[in-house]
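# Notes for the structure review
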Amino acid sequence: MVKPLYALAMWGFLGCSAAWCLAQDSPSPNQEVLPVSAFFADESNEVFRLSPDGRLVAFLRFDGTTCRLSVGDPRNLADTSTPVTGKEYGSVFSFLWVDDSRIAFTSRLPDQQTRIGCVQLPEARSEKKREGIQVKQLSPESSTGQLSGILVRGKNNELLVSCPAEKGDGINDIFAVDPSTGRRELIHRNVEALPVWTVSRNGEALAGIRCLPDGRKELVDVGSGKGRVLLTCSADESLNIASINPDGTVVYIVTDQGNDVHFTRLEEVNLNTGKRTVVGEDPLHAVDLCDAVFDRATNQPLS
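Please read these numbers as outputs of a predicted model, since none were measured by experiment.

The buried fraction of strand β10 (residues 156-164) is high, at seven of nine residues. Here strand β9 (residues 146-153) pairs with β10 via seven bridges, running antiparallel. From the neighbouring strand, L151 faces β10, where its bridge partner is E158. Two elements, β10 and strand β11 (residues 172-177), share six bridges in a ladder whose sense is antiparallel. Bridging across to β11, P164 finds its partner in N172.

This is how it looks when you write it as structure tokens:
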């Protein structure tokens, strides 16, 4: 059971298709139910993400020329939403929560350069105001690339950033960036030429998808440094990475690989043994599973 459980249609809330949902316990009287309509009443708002503690929601608001990052109380978004980035920070096109009070974002400046920034929210949160919000853009040397996730090492939460590799062709190397200092460290040089990858939150495991010239796709474990192929899909089969567990032992994939599989489903793949286990699928076998939502603390699939 999700704690706290915001029993809205979480796949729609996070921009995913409502194709499938894991079975969950019914909400108890002390669990809050958030109506989906609360998040879509204003058509200028999009891409909603709850904070890890569930107390705030961050989203993008289009003001006619620029997408600005905003925050609000998910129980009363209409009256509590506050913009946290101004036009001087450019148009925000991606963001993620670093922790309960920090949001990292990527924006495009008027000169078309992209920069990574970080928002520090105040500890005291009133219902209608958020005074003391601090916004900092990292230096160009630290913020080149795209936000890809969060890396937890020791007591610090760092940003995972993908940057174009020297080989080009859409291949990115992987860096960790400290949002407080801008310190940048190479995590993995993408010699495997993986256009799609995921890193465990402890930084010790990495898995990715390699696309072959004939259209086939391979799920590759590169955490061991050997580039071991765990799964191969034909050109007609789907393969996407949904998540990886915090200690880097299991990667979750969405795939329809297999002769007896007709719709995509969520599977977990053990990175040590290669064993595949079906985690969830449409019980009627009538629709594809398109995406999954995971608990940030335990990384267990929620919906």
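Still to come is the rest of the account.
Mean pLDDT over the chain: 76, with 75% of residues reaching 70 or higher. Mean pLDDT across the elements of the chain bottoms out in helix α1 (residues 10-13) (33) and peaks in strand β15 (residues 217-221) (92).

Looking now at the environment of L147. Structurally, L147 can be placed in strand β9. In this structure, L147 is in contact with S94, F95, L96, A104, F105, T106, I116, L159, L160 and V161, ignoring residues within four places of it in sequence.

On to the environment of G203. Along the chain, the position of G203 falls in the loop between β13 (196-199) and β14 (206-211). According to the relative accessible area criterion, G203 is partly exposed, its value standing at 30%. The sequence separation of G203 and I150 amounts to 53 residues, and the corresponding C-alpha distance is 9.4 Å.

This part is about the pattern of salt bridges. For the structure shown, the criterion picks out eleven salt bridges. In this structure, E158 and R183 form a salt bridge, with 2.9 Å as the shortest nitrogen-oxygen distance. Linking E158 in strand β10 with R183 in the loop between β11 and β12 (184-188), this pair joins segments that are 25 residues apart in sequence. E158 gets classed as buried once you look at its relative accessible area, which sits at 3%. A relative accessible area of 39% places R183 in the partly exposed class. Put simply, R210 and E218 hold a salt bridge, and the shortest N to O gap is 2.8 Å. Of the two residues, R210 and E218, neither departs from the other in class, the shared state being buried.

Moving on, we come to the sheet that holds strand β19 (residues 265-270). Spatially, four strands are ordered β17-β18-β19-β20 in an open sheet, and the strand pairing comes out antiparallel. Only two strands of the sheet have a single partner each, and these edge strands are β17 (239-244) and β20 (276-280). Put simply, the sheet's adjacent strands are angled 35° from each other on average, direction ignored. The pairing of β19 with β20 spans four bridges and is antiparallel. Residue L266 lies in a different strand from β20, and its bridge partner there is G280.

All right, on to the sheet that holds strand β2 (residues 57-62) then. In sheet architecture, strand pairing relies on hydrogen bonds along the backbone and comes in two forms, parallel and antiparallel. The strand order β1-β2-β3-β4 describes an open sheet built from four strands, whose pairing is antiparallel. Each having just a single partner strand, β1 (45-50) and β4 (82-83) make up the two edges of the open sheet. The pairing of strand β3 (residues 67-72) with β4 spans two bridges and is antiparallel. Residue S70 lies in a different strand from β4, and its bridge partner there is P83.

What counts and what doesn't
Every residue gets a number counted from 1 within its own chain, in the order that chain's sequence is written. Per-residue local features of the predicted model are confined to residues with pLDDT of at least 70, and side-chain atom pairs are confined, for both listing and counting, to 80 or more; whole-chain, interface and lining totals are unaffected and use all residues. Only hydrogens and water are set aside; all other atoms, that is, all heavy atoms of the structure, feed into the side-chain values. Any residue under 20% of the maximum accessible area for its type is buried, any over 50% is exposed, and the rest in between are partly exposed; the area is computed with a 1.4 Å probe on protein chains only. Where helices and strands are cited, they refer to DSSP runs of H or I of at least four residues and of E of at least two residues respectively, numbered from the N terminus. Strands pair, by our definition, only if DSSP identifies at least two bridges between them. Values of pLDDT, ranging from 0 to 100, describe the predictor's confidence in every residue of the model. The criterion used for residue contact is that any of the two residues' heavy atoms lie within 4.5 Å. The working definition used for a salt bridge is a side-chain nitrogen of Lys or Arg within 4 Å of a carboxyl oxygen of Asp or Glu. Inter-axis angles, ranging from 0 to 180 degrees, are taken between N-to-C directions of lines fitted to C-alpha atoms, where helices are fitted over the stretch in contact.

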